[in-house]
Amino acid sequence: MKSLHARFLSLGLALAMLLGVTGCTISTPATVGTIGGVEIPAGIYLLAQYNAYQTVSDLADLATGETADNVKAVLKAECTGTIGDEEVTTDGADYLQRLTLRSLQYYAAVETKFAELGATLEDAATSEAADTAASMWESDGDVYKANGISQATLELYELNSAKADACLELLYGANGQTPVTDEDYLDFLNNECRYVDVVQLPLYDSASYAFADEDQSTQIKALAEECAATLNEWATSESGRSERFTSMYEAADQYVPQAIEALGATPESGMGAYYVGSQLLTPDTLKSYGTTLTDALDAAGKGVWTTVDLGMSIGVMCDVNPLDADTLENFKTNYDLLSLLKKEELEAQFYADGAAMEQNLDTSAMNTYKASKIKTTA
C-alpha cells in the first residue's frame, strides 16, 4: 500500500502535468513583437492574417472541386496579384504572409504618426469605432471568435483607422501642417471630376427582372434622344439652378413612364422623380465607366444634354460647372474632398514608413498562430 506521502506526490505530479497541458492553451503569446517600437497585439496579427486570407482566397488558382473554404488548398495554390506597386505571383501562403506583414506595418506607422502629432481622438470617433466593431461582431462574431479575434480587437482595429483619418486632417486639413488650398480643390473639381445632372430612362424592369430586348432598347434610346433635345430646348429659357431642377423633373415625368411602358410594365404616378439626380463623379467613379461617359460628355460640351448608355439605363446627362451647382465649402463637406485628394497618398506613405521601421516581430509567436489554422466558418 502506498504511503500518504507517495499518494500526494502522485497527485501533485498529475496536477503539474495537467497544468502543463492546459498551460499550452492559455499561454499563447499576447503579442507577436514590435514594429518601430509599436507593440503588435496577437489579436491584430490574427485579424490582419484573416483579412489577408479573404484576398488570397479570391486570387488562388484552385483545382476543380476546391473552394475558398479549403484553407490548405488555398495556401498551396498559385496566386497572382498586386501588393503595393509590385506584381506578384507566388503561392498562397507566401502571398498571405506578405499581405499580413504589410497590414501590420501600416498599423504601426499610423500609431507612430498619431503619437508624433500629439493627436487625440474625439469622442465621436471613438464611439463610432466601438459601434462599428459591435456591428461587425453581431454579424460575424462566431467566425471571428473561431479565429481567436475578439470584439475588443475589432474595436482596436477601427480605432487605428480613426487615427489614420485624424492624421489626414492634422497634416492636410484647413489647420494642418500642409493644408490643401482652395486652388487645389478647384483644380481637382474642374479637371479630375465631373458634376452631372441626369435623367435615367430604365433598360431593366425590376418587377420582372428582365432587360430590354433589342426592339425595346431601340425605342428607349429614341426616347432618351428626344428627352435630351427637349431639355436642351428648355435650357435656353432657364434663368437659374431651381428652374433647371424643375425642367429635369418635368422631363422625367414625361419620358420615364414611356420608357417603363416600352419595357412592358405599368408606370406609377410620380415615379419619374426617382430617376432624376445630380452627382459629383470622382476619378474612381469615372474610371469604372471606361471612356464611354467622358467621351460622350466631352463631345457634347458643358451645359449640353446628351445620352449615355449606362447598362441598366440610358442616362440623359449634362456636364455642369461644379460651382454653378454648389459652393466649394459644400463640396468639401458633402464629398469629403480632402480624402479624395490626399487619402491615397497618405496611405502609401504609411505603408512606406511601416516598411522602413525596425522590424522586431517574434517568429515563434507568429508560428503559434499559423495560417493553416484559419477557420472560414464557425
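Please refer to the structure placed before this passage.
This is a predicted model, so every value here is computed, not measured.

Rules used throughout
Residues numbered from 1 in each chain as written. Predicted model: local features only at pLDDT ≥ 70, side-chain atom pairs only at ≥ 80, totals over all residues. Heavy atoms only, no water. Helix = DSSP H or I, 4+ residues; strand = E, 2+ residues; numbered from the N terminus. Rg over C-alpha atoms; globule rule 2.2 N^0.38 Å. Buried < 20%, exposed > 50% of the residue type's maximum accessible area, 1.4 Å probe, protein only. Contact = heavy atoms within 4.5 Å. Areas by Shrake-Rupley, 256 points an atom, 1.4 Å probe, with all protein chains shown as cover. Pairing = 2+ DSSP bridges. Axes fitted to C-alpha atoms, helices over the stretch in contact; angles between N-to-C directions. 1 Å grid on protein atoms, 1.4 Å probe; cavity = no way out; pocket = protein on both sides within 12 Å on 5 of 7 lines; lining within 4 Å. Points joined across faces, edges and corners; volume = space filled by probe spheres on them.

**Some remarks on the overall build of the protein chain**
Scanning the protein chain from N- to C-terminus turns up 15 helices and 12 strands. Compactness check: the protein chain gives a C-alpha radius of gyration of 29 Å against a globular reference of 21 Å for 378 residues, more than 25% above the reference. Evaluated residue by residue, the protein chain yields a buried proportion of 39% over its 378 residues. The contacts of the protein chain with a sequence gap of at least 6 include a subset with a gap of at least 24, amounting to 67%. Total accessible area on the protein chain is roughly 20,900 Å²; 50% of this is exposed by carbon and sulfur atoms.

**Some remarks on the sheet that holds strand 10 (residues 305–309)**
If you walk across this open sheet you meet the four strands as 9-6-11-10, and the pairing is antiparallel. In this open sheet, the two edge strands, each paired with only one partner strand, are strand 9 (276–281) and strand 10. Ignoring strand direction, the axes of neighbouring strands in this sheet form an average angle of 35°. Bridge analysis of strand 6 (residues 194–202) against strand 11 (residues 313–320) gives eight bridges, and the strand direction is antiparallel. Bridged to Val196 within strand 11 is Asp319. Where helix 9 (residues 241–262) meets the sheet, its contacts fall on strand 6, strand 9, strand 10 and strand 11, and the angle it forms with strand 6 comes to roughly 25°. Packed on one face of the sheet, helix 11 (residues 292–300) meets strand 6, strand 9, strand 10 and strand 11 and runs near 160° to strand 10.

**Considerations on the sheet that holds strand 3 (residues 60–61)**
Strand order across the open sheet formed by three strands is 3-4-5, with antiparallel pairing between neighbours. Because the sheet does not close on itself, it has two edges, and the strands there are strand 3 and strand 5 (86–91). Across six bridges, the pairing between strand 4 (residues 78–83) and strand 5 is antiparallel. Within the sheet, the bridge partner assigned to Cys79 lies in strand 5 and is Thr90. With respect to the sheet, helix 4 (residues 92–116) is in contact with strand 4 and strand 5, its orientation differing from that of strand 5 by roughly 135°.

**Some details on empty space enclosed by the protein**
By the definition in use, this model includes one cavity of 30 Å³ or more. If you add up the space inside the largest cavity, you get close to 40 Å³. Lining of the largest cavity is provided by Tyr106, Ala164, Asp165, Leu168, Lys343, Leu346, Glu347 and Phe350. In terms of residue count, helix 14 (residues 337–356) provides more of the lining of the largest cavity than any other element does, four residues in total.

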